[in-house]
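# Remarks on the overall topology
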Amino acid sequence: MGILERIGEIEKEIARTQKNKATEYHLGVLKAKLAKYRTQLLEPQGKKGEKGEGFDVMKSGDARVALIGFPSVGKSTLLSTLTNTQSVAASYEFTTLTCIPGVIEYKGANVQLLDLPGIIEGASQGKGRGRQVIAVARTADLVIMMVDVTKGEVQKELLTAELEAVGIRLNKKKPGIYFRQKKVGGIKFNATCTLTKIDEKMVQMILHEYKIFNAEVIFREDCAADELIDVISGNRVYMPCLYVYNKIDQVSIEEVDRVAHQNSCVVVSCNMKLNLDYLLERMWQELSLLRIYTKKPGRAPDFTDPIILRGGATVEHVCHSIHRSILSVFKYALVWGKSTKFNPQRVGIHHIMSDEDVIQIVTKK
C-alpha cells in the first residue's frame, strides 16, 4: 500500500470516528500518523530530483509575496496591473504554467510578487504540479489567496485545506509549546496553565507514535493535539495571508459589503481596477515593513532613498544595512520619530525602530 492510499485510509477513519472522551486518544494517534505520512509525501523521492522548470525563482527585493488561487480567478491580471511584468491572461484555465515574478514599487520598497500557476483540489498530494507551487509559497513572506467572489467561500476553504495539509499555517501564531528531545530521562511533561484539549496520556501516545521516548514538553498555553504535532514535526511555516476577492463587479453591493467586513479580506476588481490602492496598503501593513531615513551631521535628512527593514528591527540592523564595518566603530545614534520619547533621542544599539524614523549615527573617533 502506497503513502497516498494510507493517507486516504486514515482520513476515512478520522471522518467516521465519533468525537468524544472515549475516542480522543485514538484520534490523536491517527492525526500523528497522518502528519507523518504527509511529511513523507512532500520529501523528494530518491537522491536526484528533477527540477520544476520555471519554479526556481531567485528571491529579490525587500519582501516576497505569493499569489495563490484556483485557475482563472485573475492572478495574472493582478500581476500585470500592479507591476510592469506582462503575464499572459486568457479566458481559459491554466494559462500560466510556470512561476512568473514581478516587482511592485511601493513607498520606496521593492516587493517581489510571484504569479503561481492555478492549483487544483489534491495539489498537496502532487496533482497539477501542486507540490512545486506550494514549495514556492513556503518561501514567501505573505500569501495572497485570490478567489472568485461568486464562489469565494468554497474556494477559500479548499485552498486553506490544501495549504494546511503541507504545513503552511495561515494567520496563526506559533503554539506556546516548548519541546526538546533528549537522549535519556523519559518523557517529562509540565503545563503552566489549565489544559482542556489534551492531557499527559495523549502527549505520551503522540510522542510514542513518532518513536520519541525521551523528551521534555512544557505547555505555556491551552493547545490541542494538532498544535503539538506541528511542534514535533518542526517543519511548519506560519505566515500572514490576505484573502482577495476578485470580480466584485459581477455581484451586488450588499454582497461586496458583507465580504469586505470579514477578517483579512480585501475586495477588488482587476478588470475595472477597483480598490487596488487599498490592496497595496493592506499588503504593506501585513508585511510590517519599516522605512528608515538617514541623516548626516549638519544636513537635512535624505527622504529620497529610505532603508527598508522588517518590523522589530533595531539600530544594529540599520548599521548592517548601511555597511557591516560601522558596527565596530559605533558610539551612539540620534533618532527622530515615533520610536523616541523626545526628538532627537540618544539611543544605543538595541533601540527598536519605527516606520519613518530618522537616524544619525555617531562613530568613535
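Source: prediction; values computed, not measured. Position numbers for residues start from 1 in each chain and track the written sequence from start to end. Since the coordinates come from a predicted model, pLDDT governs what is reported: local features require at least 70, and pairs of side-chain atoms require 80 or more to be given and counted, while whole-chain, interface and lining totals use all residues. Side-chain descriptors were evaluated using all non-hydrogen atoms of the structure, hydrogens and water having been removed beforehand.

## Looking at the sheet that holds strand β14 (residues 330-336)
In spatial order, the strands read β13-β12-β16-β14-β15; together these five strands make up an open sheet with mixed pairing. Edge positions in the sheet fall to β13 (307-310) and β15 (345-347), since each has one partner strand and no second. Pairwise comparison of adjacent strand axes, ignoring direction, gives a mean angle of 35° for this sheet. Any two strands between which DSSP finds at least two bridges are classified as paired. Secondary structure elements follow DSSP: runs of H or I no shorter than four residues count as helices, runs of E no shorter than two count as strands, and numbering proceeds from the N terminus. Judged from the six bridges that link them, β14 and strand β16 (residues 357-363) form a sheet pairing that is antiparallel. Looking across to β16, one finds that valine 335 is bridged to isoleucine 359. Should any heavy atoms of two residues lie within 4.5 Å, those residues are counted as being in contact. Each axis is a line fitted through C-alpha atoms, taken for helices only over the stretch in contact, and angles between the N-to-C directions span 0 to 180 degrees. In the packing of helix α10 (residues 315-322) onto the sheet, contacts are made with β12 (289-294), β13, β14, β15 and β16, and the angle to β13 comes to roughly 135°.

## A closer look at the packing of aromatic side chains
Here a Phe, Tyr or Trp ring, Trp counted by its six-membered ring, pairs with any other such ring whose centre lies within 6.5 Å, and the pair is stacked when the planes are under 30 degrees apart, edge-to-face when over 60, and tilted otherwise. According to the stated counting rule, one finds three aromatic pairs in the structure shown. Arranged with centres 6.0 Å apart and planes meeting at 70°, the rings of tyrosine 106 and tryptophan 284 form a pair that is edge-to-face. Of this pair, tyrosine 106 sits in strand β2 (residues 100-106) while tryptophan 284 sits in helix α9 (residues 276-287), placing them 178 residues apart in sequence. Buried residues are those whose accessible area, probed at 1.4 Å on protein chains only, stays under 20% of the maximum for their type, while exposed residues exceed 50% and partly exposed ones sit between those limits. Here tryptophan 284 falls in the buried class, since its relative accessible area comes to 6%. Summarising the aromatic geometry, the rings of phenylalanine 189 and phenylalanine 219 are spaced 5.7 Å apart at their centres and angled 55° between planes, so their arrangement reads as tilted. Residue phenylalanine 189 is located in strand β7 (residues 187-191), and its partner phenylalanine 219 is located in strand β8 (residues 215-219); the two are separated by 30 residues in the primary sequence. Taking relative accessible area as the criterion, phenylalanine 189 reaches 23% and is therefore assigned partly exposed. Among the residues examined, phenylalanine 219 registers a relative accessible area of 0% and is labelled buried. A positively charged side chain is recorded as over a ring if its NZ (Lys) or CZ (Arg) lies within 6 Å of the ring centre. The angle to the ring normal must also be within 35 degrees. Taking NZ or CZ as reference, lysine 156 lies 4.3 Å from the ring centre of tyrosine 243, over its face. Directly above the aromatic system of tyrosine 25 lies the positively charged group of lysine 201, at a separation of 4.5 Å from the ring centroid.

It is worth stressing that arrangement in space is one thing and function is another; only the former is reported here.
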